[in-house]
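# What the coordinates show
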Amino acid sequence: MKMENSDAKPSSTPSSPLQKTSSPTSWFSGIVRSRSAVAKTYKSAAGDNFGGGCGPINDKHQFRGVMFKYGPKPIQVAFKTGDYKQQVIFIGGLTDGFLATEYLEPLAIALEKEHWSLVQFLFSSSYSGYGISSLKQDAMEIDQLISYFINKEESEGVVLLGHSTGCQDIVYYLRTNAACSRAVRAAILQAPVSDREYKSTLPGTAEMIDLASKMISEGRGSELMPRESNPDSPITAYRYHSLCAYNGDDDMFSSDFSEDELKQRLGHMSTTPTLVMFSMADENVPEYVDKKALVNRLCRAMGGAEKVEIEHGIHSLSNRVEEAVKSIMEIIRRDGPKGWEDPWS
């Protein structure tokens, strides 16, 4: 809408400030004209894509994509950059949600160049929900997300990228042999560390494990633990035990497991091309753990998974973003759809 009078004749005498203020087109038309100019500037700089640039990230470092529902729960929302038939699905760790790691922005740009979409999603475990959820629930909702891409977008396959506890989600999901797991072409485990070993370094953990075990034995596994057991989120006795106790459901990457115990937990990963990305300065790994030895043992247990050891990298790899993206893209390019068989044939 343009509030200008093109038929008005120029006045023979200058208007006073009072007359300009009383004009019906003065202040509002000025706002419209200024906004119109800004919009034209953006459009000229970015083609016809308002916001700058035509890729998945604009010049304000904002993600450009599509948000959609993939399941019946209100929390089941996903965001996808790029409109392609292959998707990399990012699965975050405890307390994570959208934009969980700094490497997601450059990863979205790198995937766009290879005609892949990056998918970030929320599920029952996102943010503070992990304490009242489980790996089983996570697996069900991951399967619903993959089913969405198969049925709604004719996906040609997905790669699962797990960060921290998201690695446990991938291992658990692929063990279920769910119907849609056939569409998983590769798995990337970034920072697969032991929650149990980390929690054991915190005061009071042993007493809380005993309490959780007692509650579970009394049939109260779904009841909440005391607030001091897990200050950042309400947590059930079951989930606390799963994360913190020896041989809990979440206990998959601990350094004190024997070779047979690791193989029992991870051996099924041998049927899926897998990359283990380990941060060699991960602050969530106790100092007594030999990281290099652990990485080798994890890879052997998975039937010869590939490994990338990122020197000086911290848990989130926020200090090694470029190396993280490079490592991820190498497996995407090598094990991409050109060499894949149709999972539905």
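Here's a quick rundown of the structure. (Residues numbered from 1 in each chain as written. Predicted model: local features only at pLDDT ≥ 70, side-chain atom pairs only at ≥ 80, totals over all residues. Heavy atoms only, no water.)

Moving on to the overall build of the chain. Helix and strand counts for the chain stand at 11 helices and eight strands. Of all 345 residues assigned to the chain, the portion counted as buried reaches 49%. Taking the intrachain contacts of the chain between residues at least 6 apart in sequence as the baseline, contacts between residues at least 24 apart amount to 71%. Surface summary for the chain: the accessible area is close to 17500 Å², and the carbon and sulfur share equals 53%. (Helix = DSSP H or I, 4+ residues; strand = E, 2+ residues; numbered from the N terminus. Buried < 20%, exposed > 50% of the residue type's maximum accessible area, 1.4 Å probe, protein only. Contact = heavy atoms within 4.5 Å. Areas by Shrake-Rupley, 256 points an atom, 1.4 Å probe, with all protein chains shown as cover.)

Let's shift gears to the pairing of strand β3 (residues 86-91). For β3, the tally of buried residues reaches six of six residues, placing the bulk of the element in the interior. Here β3 shows a buried face lined by Gln86, Val88 and Phe90 and a second buried face lined by Gln87, Ile89 and Ile91. Note that β3 and strand β5 (residues 157-163) share six bridges and pair parallel. When the sheet's bridge partners are listed, isoleucine 89 is paired in β5 with leucine 160. (Pairing = 2+ DSSP bridges.)

This paragraph deals with helix α3 (residues 104-113). When α3 is considered as a whole, its buried residues turn out to be Leu104, Leu107, Ala108, Ala110 and Leu111. All buried residues of α3 fall inside an arc of 165 degrees around its axis, so they share one side. One or two positions beyond α3, positive phi appears at histidine 115, with a value near 65 degrees. (Arc of directions from axis to C-beta.)

It is worth spelling out the packing of α3 against helix α11 (residues 321-334) at this point. Look at α3 against α11: their axes get within 10 Å of each other, and the N-to-C directions meet at 30 degrees. Remark: the crossing between α3 and α11 carries right-handed chirality. The segment α3 lies against α11, with Pro106, Leu107, Ala110 and Leu111 engaging Val321, Val325, Ile328, Met329 and Ile332. The residue inventory of the contact of α3 with α11, partitioned by class, reads nine nonpolar, no polar and no charged. (Axes fitted to C-alpha atoms, helices over the stretch in contact; angles between N-to-C directions. Left-handed = near helix turned anticlockwise from the far one by under 90°. Nonpolar A, V, L, I, M, F, W, Y, C, P; charged D, E, K, R; others polar.)

We now examine the packing of aromatic side chains. For the structure shown, the criterion picks out seven aromatic pairs. Relative to phenylalanine 121, the ring of tyrosine 70 has its centre 6.0 Å away and its plane inclined at 85 degrees; by these criteria the two rings are edge-to-face. With tyrosine 70 in the loop between β1 (66-69) and β2 (77-81) and phenylalanine 121 in strand β4 (residues 117-121), the pair connects residues that are 51 residues apart, well separated along the chain. There is no split in this pair, since tyrosine 70 and phenylalanine 121 are both buried. Here the aromatic cluster, defined as three or more aromatic residues joined through ring pairs, consists of Phe68, Tyr148 and Phe149. Stacked on the ring of phenylalanine 257, the Lys or Arg arginine 196 has its end atom at 5.4 Å from the ring centre. Directly above the ring of phenylalanine 257 sits arginine 265, whose terminal nitrogen or CZ lies 3.9 Å from the centroid. (Phe/Tyr/Trp six-rings, centres within 6.5 Å; stacked < 30°, edge-to-face > 60°. Lys NZ or Arg CZ within 6 Å of the ring centre and 35° of its normal.)

One ladder, built from five bridges, connects strand β7 (residues 274-279) with strand β8 (residues 306-310); its direction is parallel. Residue pairing for β8: serine 279 is matched across the bridge by isoleucine 310. You can see the chain leave β7, run along helix α10 (residues 291-301) and come back into β8, and the turn it takes is right-handed. (Right-handed = clockwise from strand over helix to strand, strands pointing away.)

Let us now look at the pattern of salt bridges. The tally for this structure, following the rule as stated, stands at 18 salt bridges. Between glutamate 309 and lysine 292 there is a salt bridge, with its nearest N and O atoms 2.8 Å apart. With glutamate 309 in strand β8 and lysine 292 in helix α10, the pair connects residues that are 17 residues apart, well separated along the chain. Using a relative accessible area of 42% as the deciding quantity, one classes lysine 292 as partly exposed. Glutamate 309 is the salt-bridge partner of lysine 307, the closest N and O atoms lying 3.6 Å from each other. What makes lysine 307 partly exposed here is its relative accessible area of 41%. Using a relative accessible area of 23% as the deciding quantity, one classes glutamate 309 as partly exposed. Put simply, Lys214, Glu218, Arg220 and Glu223 are held in one network by salt bridges that share partners. (Salt bridge = Lys/Arg side-chain N within 4 Å of Asp/Glu carboxyl O.)

Let us look at the sheet that holds β7. The strand order across the open sheet formed by eight strands is β1-β2-β4-β3-β5-β6-β7-β8, and the pairing between neighbours is mixed. Each end of this open sheet is capped by a strand with a single partner; those strands are β1 and β8. Ignoring strand direction, the axes of neighbouring strands in this sheet form an average angle of 20 degrees. Looking at chain direction, β3 and β4 are connected through four bridges and run parallel. Counted as the bridge partner of glutamine 87 is serine 117 from β4. Sitting on the sheet, α11 is in contact with β3, β5, β6 (184-190), β7 and β8, with an inclination near 175 degrees to β7.

Now for the packing of helix α4 (residues 135-153) against helix α5 (residues 165-176). The geometry of α4 relative to α5 is characterised by a closest axis approach of 9 Å and an angle of 75 degrees between their N-to-C directions. The pairing of α4 with α5 is recorded here as roughly perpendicular in orientation. Contacts from Leu135, Lys136, Asp138, Ala139, Ile142, Asp143 and Ile146 in α4 reach Gln168, Asp169, Tyr172, Tyr173 and Thr176 in α5. Considering only residue class, the contact of α4 with α5 consists of six nonpolar, two polar and four charged. (Parallel < 35°, antiparallel > 145°, perpendicular 65-115°, else oblique.)

Remember, this is a structural readout, not a statement about activity or role.
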